[in-house]
Amino acid sequence: MWTPTEEEKYGVVICSFRGSIPQGLVLELGETVQILEKCEGWYRGVSIKKPNVKGIFPANYIHLKKAIVSNRGQYETVVPLEDSVVTEVTATLQEWAILWKQLYVKHKIDLFYKLRHVMNELIDLRRQLLSGHLTQDQVREVKRHLTVRLDWGNEHLGLDLVPRKDFEVVDSDQISISDLYKMHLSSRHSVQQSTTQVDTIRQRHGEACRMPVPHHFFISLKSFTYNTIGEDTDVFFSLYDVRESKQISERFLVRLNKNGGPRNPEKIERMCGLFTDLSSKDMKRDLYIVAHVIRIGRMLLNDSKKGPSHLHYRRPYGCAVLSIMDVLQSISELKEEKDFVLKVYTCNNENEWYQIHENIIRKSSTKYTAPSSNYGLIISLQLLRGDMEQIRRENPMIFNRGMSVTRKLGFPDVIMPGDIRNDLYLTLEKGDFERGGKSVQKNIEVTMYVLYADGEILKDCISLGSGEPNRSAYHSFVLYHSNSPRWGEIIKLPIPIDRFRGSHLRFEFRHCSTKDKGEKKLFGFAFTPLMRDDGTTLSDDIHELYVYKCDENSTFNNHALYLGLPCCKEDYNGCPNIPSSLIFQRSTKETFSISTQLSSTKLTQNVDLLALLKWKAYPDRVMDILGRLRHVNGEEIVKFLQDILDTLFVILDDNTEKYGLLVFQSLVFIINLLRDSKYFHFRPVMDMYIQKHFAGALAYKELIRCLKWYMDRSAELVRQDHIQEAMRALEYLFKFIVQSRILYSRATCGMEEEQFRSSIQELFQSIRFVLSLDSRSSETLIFTQAALLNSFPAIFDELLQMFTVQEVAEFVRGTLGSMPSTVHIGQSMDVVKLQSIARTVDSRLFSFSESRRILLPVVLHHIHLHLRQQKELLICSGILSSIFSIIKASSLEADVVEEVEMMVESLLDVLLQTLLTIMSKSQSQEAGEYVSCLLSLLRQMSDTHFQHLLDNFQSKDELKEFLLKIFCVFRNLMKMSVFPRDWMVMRLLTSNIIVTTVQYLSSALHKNFTETDFDFKVWNSYFSLAVLFINQPSLQLETVTPAKRKKILDKYGDMRVMMAYELFSMWQNLGEHKIHFIPGMIGPFLGVTLVPQTEVRNIMIPIFHDMMDWEQRKNGNFKQVEAELIDKLDSLVSEGKGDENYRELFSLLLLEKIEQETWRETGVSFVTSVTRLMERLLDYRDCMKGDETENKKIGCTVNLMNFYKSEINKEEMYIRYIHKLCDMHLQAENYTEAAFTLLLYCELLQWEDRPLREFLHYPSQTEWQRKEGLCRKIIHYFNKGKSWEFGIPLCRELAIQYESLYDYQSLSWIRKMEATYYDNIMEQQRLEPEFFRVGFYGRKFPFFLRNKEYVCRGHDYERLETFQQRMLSEFPQAIAMQHPNHPDDTILQCDAQYLQIYAVTPIPDNIDVLQMERVPDRIKSFYRVNNIRKFRYDRPFHKGPKDKENEFKSLWIERTTLTLTHSLPGISRWFEVERRELVEVSPLENAIQVVENKNQELRTLISQYQHKQMHGNINLLSMCLNGVIDAAVNGGIARYQEAFFDKDYITKHPGDAEKITQLKELMQEQVHVLGVGLAVHEKFVHPEMRPLHKKLIDQFQMMQSSLYHELPGLDKLSPACSGTSTPRSSVLVSHGPMSPESIKLVHRHSPLNLLGSVRHSSSSLSSHTSSETGNLVILTDSSVGETAEDMYHMQLVYPNSRYQGSVTNVSVLSSSQASPSTSSLSSTHSAPSQMINSAPSSARGSPSLPDKYRHTRELMMLLPTHRDRPSSAMYPAAIMENGQPPNFQRALIQQVIGPCKPCSDPNLSVAEKGHYSLHFDAFHHQLSDAPPALPARTLRKSPLHPIPASPTSPQSGLDGSNSTLSGSASSGVSSLSESNFGHSSEPPPRTDTMDSVPSQAWNTDEDLETPYLPVRYSLSEPDVLESLKSQPCRSHSAPSGVIPQDTMDPPALPPKPYHARLPNMENEEEMMLMMEEEDKHRPLHRKVSQPASGGKEEQARVAWEHGISEQ
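First, a word on what this report is: a plain description of the structure on this page. As the structure is a prediction and not an experimental result, all values here were calculated from the model.

**Section: the packing of helix 27 (residues 849-869) against helix 28 (residues 873-889)**
Here is step 1: One way to put it is that helix 27 packs onto helix 28 with a least axis distance of 10 Å and a crossing angle of 150 degrees. Taken together, the axes of helix 27 and helix 28 lie roughly antiparallel to each other. Crossing of helix 27 over helix 28 shows left-handed handedness. Touching Arg852, Leu856, Val859, Ile863, His866 and Leu867 of helix 27 are Leu873, Cys876, Ile879, Leu880, Ile883 and Ile886, all from helix 28.
Here is step 2: Class assignment of the residues belonging to the contact of helix 27 with helix 28 gives a composition of 10 nonpolar, one polar and one charged.

Here it is, written out as structure tokens:
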């Protein structure tokens, strides 16, 4: 049975509980719990951490603590009954623990360790506090340490400042807000102090005057090391001032035995002293610690003969010094002792002993001897601060060590009243003695005794130094052989005060013989009494005493015998008649000097003072004595204060008339003396005297009379010093007056009461008279008034003893009222007046409500005047603070209501005005003071006060002005941070007062300004205030810790909700005036609804419905609400407000309200679009604030921008986001996209002169100017993005505008710009980007990406793999899909992110440009990859049964075409796919495309060699030809023959007849092209490469024979093909299909198929170099026939035999046409652009036989005559005489670039697959014959530079790139082994470089990944595949060495036909240099298989293109 607990309410968890049972509450060690119920060893309750979760836990896991329970029951609160500091420490440590760990995570390591240290200290201090074993002082000290550390930690962690009083946290409800403000300030101050020095001593408030802090030196002698003296020693420590050359302290004596230990065994470890009472001034003096070492033993240390061993003398030994200045810094910082070693120096000459310390300090090294190194005193020092009581309290250990207090000579700075002292310090100065007939000088010892009047020796009245007991006799040390000894030894004589008078000192002089007997012989004496006859003590001076002769037999029993003698010269002058026949004869030649210094509180050396005290002895001198009192030293006066005061009042009583004024002046002097800080502590002595000892019952009359007399004369006198002094003494004068009157009335039972009262009244009239004088003319009068005002408040307490509170208050009111108003007095007087008022308010008088009623109006009047004039604001605020403190403290009294009423009337308005002024100047301290005053006043105001206040306004205008002021102040309070961020207590209290005040004022606002008197300004001010209030950071409880939130909610509730209700009700009260606040208040209210507090949202969101409704009623629509809401929503959400819940709530609440309206449809659509906008805005914000990548941000921005444009048509927001997007693009360096983005804004503008306002960063200007500026900026961005084609139309548009305005200067500029862009297009290098299709699947993507597919334009050089990495890093949660198939619904709907990425090929829209023949590839290259909206992607698959022998029969292609929403490039790098189309390409069509593409490729390459674009290096052509011919021999084309020329196939596919014919023609064409290629090859081939050439010709013959059966034209092989050297005349020339028409690639497909050509592997590159040699064989098409006519044509073509070796240049088909790999994924990157350059549709058919003659004729006609084309025009002259350089082969080998991936093309022989591809650098060969001519056209005449395209561009059907040249030897299978179906191909680079760019600038790469397994072509292939897998040679680095186009001017092409601009290489060196140069620039390649000749290959291809397009 669960029963509620009675006692067990609060406990601490002492063992963690897992809560593993049902209803179990999980508890951690150290948590606190509140217990509600108990049952059989179990408790039920909550953890204080999580107060909302109830549960059960075992009782024995809890340690119970006592607690106070309030509000018992369901909502009870429990407060632990322990010290509040302990509770605070506990809570704070729990809060810090969480933040502490975060510091580590945030890498704030320094603070992490500091905080750990402080937390450990707090735990330790808390433990001490809980132990209960501390004294009260210790508890106080521990609490001080705790709070300092708590505040330090809170400040460094950014937590709230805790206001404290006496270490306890204050309750803000119990004190006034002004006091709370001050506490915050002082807490802040103490935190700052603790930050600099954690343990600084804080001065407490209320000290009337700052006491100087005394300093003390603690010294401890640790040891006297290496003491080799072997005798006992005395070590005397003292403080010595070098500048004044005097000792300033007593001596501290340590007695050591001969071993260096203490002579007294009890003193071990206790040889320590404390030099006390050093002032701050002393600490600045040049002080030294001096240690004199005196040994006690034989006369001479090393001479045992001198003197008997039993006699011991005090003998000087050595001295050590330590400069305090040097060590002060180090010991000030330490809190403990620090050790120092003092070297002991010995004196060279004993006569110098008295000044040895000075010699050491001054380093007079001749006069002393330094010790051996480690010889000295080890002492420890510690500096202590504070009075002795404090030192004793703080350092008890020091006092327990038997420490000796060593005082200063003389009094300290502050003389404490109880400090009784009577010390006479005597210094033995020197003596002068006769030799006495001896040959050597004497060894003199002085013995001193203190004797009383009766001759008795006083016991223990001599002290050699503190630390040792006093003695009765003193023996000086002995100086060896010195008749004029100087000792300089100080002795203290602590003689009791009663024995002082009559005592005298006797000095006996003895000679210490060093003979055997060694006795001491007395030879003289001297004496001196301690007091003079006049009663004064021996003066502080040097006294030279007479020396009297005597001997051992002389007796001193009868001291009267010598006391009658003169002791010194002054004494002698006093009594000249001394008989000479006395026993003692004076030795006239001998003298003895001493000096004395008296430090006594009982004895005086002052004659005047003594005269005053004994005035009756000199009655006639009284006036003079009183006058001389002013010259007596203050120390003497305070010592005899009581006696002097008694004497003065006795004199006054004796003769009032005569002495009254003088006594008054003396009294004033003494009172003012006590105001000096040195004697300030004697005021209690004075008070005590007045209370206990003062007996002048009649004195008051005379004192009042004198005081009044002084005051009345103040108007006349010029010199007013004495009047001012009297004014300053006012307080004590009144004390005397009042006490005197009390004594008198006691004695006379209250007689003369009336006279006393009237005299006081008259005195006050005089005071008023003084104050009312106009002091502006007289400066002295100002000082008098100031002195009076300063002292005035001090007399109230005295008056209250005699008068009632009301009477005193009336006196004070009259006096304060008599002061001239602030206008008529000077500035300084103003301050004094206010200070006087301030002290009045602080006085006890003001704490009585009766007096406040009288005084408050006057005080408020003065403050009001000052505030009106904005004068002395700080003092005024201080006075107000005090008033509010008093009122708050006495707020239970009934009178307080009246007082508050008074203050409201007088102050409220002027306070508000003052605050507005201060806030406008932003003076924070004054603002804080006045804000706290205003808040104090408002908090004191009750309903009635507010009611009276509002009723008192005369008119509505006044009320309006007041409301506007107070609302404005409140708003400023929230806007300006008057209180720092961490003053949470203050901020919350402020908010609470504001919300309460607003509740009072809102009713007045509603009542007075709603109906007919509606005032927009006041209402608007009110709404703004409410909105600001709810949005205050300090009220956003969601951001604070749960514990703090609970505390705030318990105390104040959620004030935002209170204000929201108030705001809502006021909105409802507006009625029809609501329309005035539409749309103005929409933004602010929206801000309020975005506060993350559900209740506030629920209250406020319906207001929007109300606004829509009112606007609908007024205008018939709610366009304004709509526009404003959308505008403001954008800015507020971007500031970080709002969340998903808000979006749902907004939609829900408004739709619910709108349901009932007539305008429901428009409303619903509006709310829906706002909700959708919010979705996008929240997405946008999350993207922007997260560490999201540029892409995501851009995508998000585009999405939001389109929404603004298309869905809600907000042009301004649309334009804003255009600019945001543009900035993002610029940041990411997407210049083209930035230009397209800005273009959107530009298109919105017209060429008109309409003025536009200032907007974003645009100034106010005309629309024309803005559009012009935009156009220029866009053109600039297009230029930076190298998209000149897009910039040119804008240049033209601008040109038209400039022309129409006749602005020829701008026109010229823009035309030049346009021309530059054309030049750039032709000259500058541009990279072609690759395109990637990305699918975003899954619900975890932002909704603008979710389940959509995009095509993205890659960055420069970006390949598929890099792109994929980039996407995965942008979406780190995403999973990459491994196949290209469209995903199913499970993936689309799952809660995850899937990315599907593969490369796609662009399909250009602008096919016309690409089909134009004469357009340079530079230009075409742009159109191939720009303005693209369609993309293609091919996937191979087998349909039907798969033929193992020949897979091509069933290999189909699935071709997907993607259409985008916008074309690329555009405003983004990626756009969404709008439509997908799928078509299937049959195996035969595929074969046609492959062969067709390869033909075109070969043709391009051959053309480049013919036009000399590929310099001398034939390597590329060799490999290409080898690849095609060899592969064809080994089955490439043969596979197609088997597959499609088979009779079975033809019968099964009768519809394919035409296509089969087409394929045959293409194969025929390939043979022709290869023939031309071999002809060109022979011209250029290096002699060493001849074997390769011969092999090629052999294989070509084999290829022809293999095609023989299928292509009947090829069987008649010319005899020239035998491979032997044949005469040139017999070489056949090919013609026939090589007509200009047929040279072009002939397509039989639609344009789409045209583009659909497949990408081919460049197996030609991997061909190996054959070692065979052979001559060139020209192969011709047999179909031409061998008729005479043919021969005739040949002769026509080549009339000169030297040209008969030439053949027409045709491109050759590479070996991969039959490879399945060509139709892999990589087939997306397809055939060369020349396929589109090919024939117009009219020429598409394969030429029939009759055409061949036409072709030949055309060829002939197009060729220039022999004389027009000399050989030197095309090629340079021979490079060197003897052919090739000998190191050619070495160069060749060096060019081999890594092992390439073996090619798996079916057209390659097995042998070739394993070979390396070689790369030969460029060589210029010596050519004896002219090159073969290009038949198809003449070359272009202008030297245009072709444009290179990007090396990373994808190779589309139009892209003119050439996979043969693209650098990979194995595009087919190399990718197969590396990827599975998930990877799509990575497109190869473009290689359209040309002469103008050095070959190293672009490397080429082809990296294809195909998603299906390869077909096996031969037995050896598995090995090849294995080798591929094991050698992933891909490198990811971008190509190095890319040279920017502007660094090297590209050489122009030949300006005339066949005039090559190539240098003649005169010698070998030049050629070698060229080779080296090329080597130097070769880059690192991405794939090892890639030859480095991309540049050269590209040049070759471009040249061919030039040739073709020229036609």
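**What about helix 1 (residues 84-105)?**
Here is step 1: Compared with the 32 Å implied by 1.5 Å per residue over 22 residues, the 32 Å span of helix 1 between its first and last C-alpha is a close match.
Here is step 2: Buried-residue contacts for helix 1 involve helix 2 (109-131), helix 3 (136-156), strand 9 (164-165) and strand 10 (168-169).
Here is step 3: At the N-terminal boundary of helix 1, the capping side chain belongs to aspartate 83, with an oxygen 2.9 Å from the backbone nitrogen of valine 85.
Here is step 4: Trailing helix 1 by a residue or two, histidine 107 shows a phi angle of about 65 degrees, which is positive.

**Some remarks on a nonpolar patch on the surface**
Here is step 1: The grouping of Tyr104, Val105, Ile109 and Tyr113 at the surface amounts to a nonpolar patch, some 410 Å² of accessible area in total.
Here is step 2: Elements that contribute at least two residues to the nonpolar patch include exactly helix 1 and helix 2.
Here is step 3: Residue classification places isoleucine 109 among the partly exposed residues on the basis of a relative accessible area of 32%.

**Re the nonpolar core**
Here is step 1: Formed by 311 residues in total, the largest nonpolar core has its most connected members in Phe736, Phe1023 and Phe1085.
Here is step 2: If you tally residues by element for this core, the top one is helix 29 (residues 895-921), at 13 residues.
Here is step 3: Once residues lying within four places of it in the same chain are set aside, the contact partners of phenylalanine 1085 are Phe1023, Val1027, Leu1063, Trp1067, Met1100, Ile1103, Phe1104 and Met1107.
Here is step 4: Met448, Tyr449, Ala526 and Leu598 belong to the second-largest nonpolar core, a separate cluster that totals 64 residues.

**Focus: the pairing of strand 36 (residues 1394-1404)**
Here is step 1: Of all 11 residues in strand 36, 10 are buried, a share of seventy percent or more.
Here is step 2: Pairing between strand 33 (residues 1331-1337) and strand 36: seven bridges, direction antiparallel. In the sheet register, arginine 1333 faces strand 36, and the bridge partner there is tyrosine 1398.
Here is step 3: Two strands pair when backbone bridges link them, and strand 35 (residues 1375-1376) and strand 36 are joined in this way by two bridges, in the parallel orientation. Across the sheet, alanine 1376 pairs through a bridge with leucine 1395, a residue of strand 36.
Here is step 4: In this structure, strand 36 lies alongside strand 37 (residues 1428-1438), joined through four bridges in antiparallel fashion. Counterpart to proline 1404 in the pairing with strand 37 is isoleucine 1428.

Rules behind the numbers
- Residues numbered from 1 in each chain as written.
- Predicted model: local features only at pLDDT ≥ 70, side-chain atom pairs only at ≥ 80, totals over all residues.
- Heavy atoms only, no water.
- Axes fitted to C-alpha atoms, helices over the stretch in contact; angles between N-to-C directions.
- Helix = DSSP H or I, 4+ residues; strand = E, 2+ residues; numbered from the N terminus.
- Parallel < 35°, antiparallel > 145°, perpendicular 65-115°, else oblique.
- Left-handed = near helix turned anticlockwise from the far one by under 90°.
- Contact = heavy atoms within 4.5 Å.
- Nonpolar A, V, L, I, M, F, W, Y, C, P; charged D, E, K, R; others polar.
- Expected span 1.5 Å × (residues − 1).
- Polar contact = N/O pair within 3.5 Å; in protein donor to acceptor, adjacent residues only side chain to side chain.
- Patch = residues over 30% accessible without salt bridge, like charges linked within 9 Å, V, L, I, M, F, W, Y side chains within 5 Å.
- Areas by Shrake-Rupley, 256 points an atom, 1.4 Å probe, with all protein chains shown as cover.
- Salt bridge = Lys/Arg side-chain N within 4 Å of Asp/Glu carboxyl O.
- Buried < 20%, exposed > 50% of the residue type's maximum accessible area, 1.4 Å probe, protein only.
- Core = buried A, V, L, I, M, F, W, Y, C linked by side-chain atoms within 4.5 Å.
- Pairing = 2+ DSSP bridges.

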